[in-house]
Amino acid sequence: MENLLVQGLSGLATASSLFLVASGLTVIFGVTRIVNFAHGSLYMLGAYLSWTLVTQLPRGHLGFWGGVALAALIVGVVGVLIEVLLLRRIYKAPELFQLLATFGVVLIVQDVALLIWGPQDLLGPRAPGLRGATMVLGVRFPLYELFLIAVGPVVLALLWLLFNRTRWGTLVRAATADREMVGALGVNQRALFTTVFFLGSVLAGLGGALQIPRESVNLQMDLVVIVEAFVVVVVGGLGSLPGAFLAALLIGELQAFGILIFPRITLVLAFLVMAVVLVIRPHGLLGRAPSTAHAAAAPEPPYLPASPWRRWAGLGLLLLAVIVPPFLGDYALIVFTEIAIMMLFAASLHFIMGPGGMASFGHAAYFGFGAYGAALLVRHFAAPMELGLLAAPFMAGLGGLVFGFFCVRLSGVYAAMLTLAFAQIAWSTAFQWVEMTGGDNGILGVWPSAWAQSKLVFYYLSLALCVGAVMLLRRAIFAPFGYALRAGRDSPLRAEAIGMDGFRIRWFAFILAAVAAGIAGGLFAYSKGSVFPTYMSISRSVDGLLMVLLGGVKTVSGPIAGALAYTWLHEQLMRAFDLWRLFLGIIILALVLFFPQGLAGALGRREGRS
Amino acid sequence: MLDVTDLHAHYGRAHILQGVTLRAGEGEVLALLGRNGAGKSTTMKSIMGLLRPTSGAVRFRGEDIAGREPFEIARRGIGYVPEERRIFTELSVLENLEVGRMPAREGLAPWTAERVFALFPSLGAMRKRPGGRMSGGEQQMLTIGRTLMGNPRLILLDEPSEGLAPVIIERMAEAILALKREGLTVLLSEQNLHFARLVSDRACVLEKGAIRWEGRMEALMADEAARAQYLTV
Ligand SMILES: Nc1ncnc2c1ncn2[C@@H]1O[C@H](COP(=O)(O)OP(=O)(O)O)[C@@H](O)[C@H]1O
Ligand SMILES: [Mg+2]
């Protein structure tokens, strides 16, 4: 009984912290429609800054609370800088581009934090006056946690007053509904957006700053927090503050009691809840369907068959890929193999994003299903590679069949978030189902059959399978099926009206993409000789997105160019610099700002195609 | 007051406005007539900066405002009442009015919520009601009131009579005449000729993105051929 009470109370404290971050994220999304990946980074900055300030400032109340407040304000200023220098230029860009840009900021902040604060975990001092514990209903409970429990509702109340009792709040709520109309009524949206970003960033910074007496400050906080905040915001309904509060309570308590009841699946729980909520209420608990009435979308340019120039370039590239490798060393062969695999991975993601028009944030799941499909056969049945490579697309296709069934019903950010939730469920399963998957230690000894042991042979095998699969995907895009898919993307109502079953078409596309990703994953498993949960992690999904977006969604050759450029760049940066994230982040920002069409799109402009 | 010269505008590749030229003098009510799809709303959006004109000039009180952002144009004294009304459905009547509020303008009696309620008494009885729970006529009054709160010198009214009951239309006409008496300039887009005729001094008739007929309202009423050619369906 006492244990339950303690768990319930610490769930409330967690909920408060979650709400602080999620409220900022949801407010920013409501007005700017930007899904800010860098929100977790602002939280992390808040934690680091307050650690520095609190340890530097004189001890005592002023030092601690002053440090926390100052850290939150500095984070607010950083947020404003991000908004003014970066986001302001891309408000009209496609959603995924904005996401990519904010992910660039994540990478930059990670390395800047590493430079300033070093890799070790930092432990903060306790809060003055709230050091001890007190008795709550007969159990001892830390004072600071009690304080945190109060912070959530207080912040909610203050935000409510701000949004409902001030002119600024009224303008923000109006802009959330129809920002163009607000502009036509004489409100400078730009200034409004900047202030909203300031508020959201301060909340994130405050959330981070208040954590230092509770947990250590480290470089992983940003992604952990952003994922949790996404879950809360999506479960609550994008843009809804009360929704975020409710969802924070739900998730906070779930995590607290989950540890007692299902210690084995704690990581999955939050995502399971998110998946269930999205399936039942596609716009979250208190969210509303976004009004798209006034968004005049530019028509998508059609896919053109490759120009002669591009055909020759592609053939030349393929020729090089066939002729050159015998003269290369093992290291180069490994890189080449990885590039071939990533091309297929990127092409499969492009297939659902481009022609399908569905954003996937969890495509790594199907890559991972492929890898685990092969590896599990090896581990439990000592299956040979040939069988493993067959099992990979099968397993991935099965995953696509189940997850896709739910995902393709949603659209936009919600669809992206549901794919993310499913990917996280897959990842957590691989991570926590140790008997089956080996957990964090992965599955080792996934080696190719004897005939394919040499790096060169395995490279040719990968090349053949990947190029073959990519060509098949291409064929599908230009086949009647591909046209139907795009018709469903561009004018769903009209497509339905002429008798197309949009749901089935999209579902099938999703499965096809999963199968292709599965082939890539299976090959990847054998090329590395091992499989780990990280194959399904968010960062791999993001890698895929980066490749597709770098290459350009609007061209069929985009993902190929993107995979090539990204894998190569990643490899070079990692070898050359300790701070490769910083450089990668800067490159991403430069690309987003200067080549919004992606690499292949930019080349296309050179060729004089639009 | 407003002087539009050879205005061109596109939606994507579609060339919608093909050289619109019109002018409205101070205190005048100018009707912008034309069939559905003629380009009336597009003309208004282009004046307001919601659609960037591809070429041509929009002069307002002597200054070329073409290419400026909507909020800058609004702050110079042009009010826009969209055809779709675009009420903030979650916000109350008072809050909707608050969003439109701008500082007073020289030479004009400043608008307040109370003045709006005096003009549209039925709104005064539902100050706290969310915009989403109002009838079409009430929403139309609210969207006009919201724009008036910005103290405009010129107001662009896009088909205010659309979908309204005859009694309400009559009320609307009275309100527009009241605004005219205050010295406001009005550009009124309409398909309802009878309504336009009640309030307008002059008329411009649009077809396929260009002005085909221009003159005094009475002249248009007398010119059956022009009406048949450009207006009747
Ligand atoms: N958002 C839009 N995208 C593309 N074409 C549009 C859009 N809005 C209007 N049009 C086209 O522009 C033309 C003029 O429309 P509009 O200005 O709304 O006419 P009116 O207001 O006179 O009825 C029509 O042919 C219409 O189909
Ligand atoms: Mg119209």
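- Labelled according to an unreviewed UniProt entry, chain B appears under the name ABC transporter ATP-binding protein, originating from Roseococcus pinisoli.
- The record held by UniProt for chain B lists under Sequence similarities (unreviewed entry) the comment "Belongs to the ABC transporter superfamily."

- Within an unreviewed UniProt entry, the label attached to chain A reads ABC transporter permease, and the organism entered is Roseococcus pinisoli.
- We quote the UniProt Sequence similarities (unreviewed entry) comment for chain A here in full: "Belongs to the binding-protein-dependent transport system permease family. LivHM subfamily."
- Annotation of chain A in UniProt includes, under Subcellular location (unreviewed entry), the sentence "Cell membrane".

Regarding unusual backbone geometry
All names here are of chain A.
No. 1: Phi at R33 is positive, roughly 65°, even though this residue is not glycine.
No. 2: Assignment of secondary structure puts R33 in the loop between α1 (2-32) and α2 (39-56).
No. 3: A residue is classified by how much of its surface remains accessible, and R33, at 31% relative accessible area, is partly exposed.

Some thoughts on the domain arrangement of chain A
Residues and elements named next belong to chain A.
No. 1: For chain A, the assigned domains read domain 1 (2-219) and domain 2 (322-535).
No. 2: Tallying the contact residues gives 6 residues for domain 1 and 6 residues for domain 2.
No. 3: Between domain 1 and domain 2 the total buried area reaches about 460 Å² when both faces are included, carbon and sulfur atoms providing 91% of it.
No. 4: The largest per-residue losses of area from domain 1 upon contact with domain 2 belong to V35, E95 and L96, which jointly make up 69% of the total buried on that side.
No. 5: The interface formed by domain 1 and domain 2 contains 0 salt bridges.
No. 6: Tallying contributions element by element places helix α4 (residues 95-117) first for the side of domain 1 that touches domain 2, with 3 residues.
No. 7: Within the side of domain 1 that touches domain 2, the residues separate by chemical class into 5 nonpolar, no polar and 1 charged.

Digging into a nonpolar patch on the surface
Residue and element names in this part refer to chain A.
No. 1: Taken together, the side chains of L70, L73, I74, V77, L81, L85 and F198 make up a nonpolar region of the molecular surface, amounting to roughly 590 Å² of accessible area.
No. 2: It is helix α3 (residues 61-85) that provides the largest number of residues to the nonpolar patch, a total of 6 residues.
No. 3: Summarising the element assignment, I74 is placed in helix α3.

Some words on the sheet that holds strand β5 (residues 63-64) of chain B
Residues and elements named next belong to chain B.
No. 1: Taken together, 4 strands build an open sheet; the order of strands is β2-β1-β4-β5 and the sheet is antiparallel. The two strands at the open ends of the sheet, each matched to only one other strand, are β2 (14-24) and β5.
No. 2: Pairing between strand β4 (residues 55-60) and β5: 2 bridges, direction antiparallel. Bridging across to β5, R59 finds its partner in D64.

Looking at helix α18 (residues 455-478) of chain A
All names here are of chain A.
No. 1: Taking 1.5 Å per residue as the helical rise, α18 with its 24 residues ought to reach 34 Å, and the 34 Å between its terminal C-alpha atoms agrees with that figure.
No. 2: Within the span of α18, buried status applies to F458, Y459, L461, S462, L463, C466, A469, V470, L473, A476 and I477.
No. 3: Its buried side turned inward, α18 meets α12 (308-323), α13 (330-353), α15 (385-407), α19 (480-490), α21 (502-528) and α23 (558-576).

Looking at the nonpolar core
No. 1: A:F37, A:Y366, B:L2, B:L22, B:I78 and B:L156 are the most contacted members of the largest nonpolar core, which has 236 residues in total.
No. 2: Per-element tally for this core: the top contributor is helix α16 (residues 412-432) of chain A, with 14 residues.
No. 3: Each of domain 1 (2-219) and domain 2 (322-535) of chain A gives at least three residues to this core.
No. 4: Those residues in contact with B:L156, other than ones at most four positions away along the chain, are B:M44, B:I47, B:M48, B:I78, B:G79, B:Y80, B:V81 and B:L187.
No. 5: In this structure, B:V29, B:V93, B:M149 and B:F195 belong to the second largest nonpolar core, which totals 33 residues.

The rules behind the values
- Residues numbered from 1 in each chain as written.
- Chains lettered and ligands numbered in written order.
- Predicted model: local features only at pLDDT ≥ 70, side-chain atom pairs only at ≥ 80, totals over all residues.
- Heavy atoms only, no water.
- UniProt positions renumbered as here; feature names shortened; annotations may be inferred.
- Helix = DSSP H or I, 4+ residues; strand = E, 2+ residues; numbered from the N terminus.
- Buried < 20%, exposed > 50% of the residue type's maximum accessible area, 1.4 Å probe, protein only.
- Domains from an automatic or database assignment.
- Contact = heavy atoms within 4.5 Å.
- Buried area = accessible area lost by both parts, 1.4 Å probe.
- Salt bridge = Lys/Arg side-chain N within 4 Å of Asp/Glu carboxyl O.
- Nonpolar A, V, L, I, M, F, W, Y, C, P; charged D, E, K, R; others polar.
- Patch = residues over 30% accessible without salt bridge, like charges linked within 9 Å, V, L, I, M, F, W, Y side chains within 5 Å.
- Areas by Shrake-Rupley, 256 points an atom, 1.4 Å probe, with all protein chains shown as cover.
- Pairing = 2+ DSSP bridges.
- Expected span 1.5 Å × (residues − 1).
- Core = buried A, V, L, I, M, F, W, Y, C linked by side-chain atoms within 4.5 Å.

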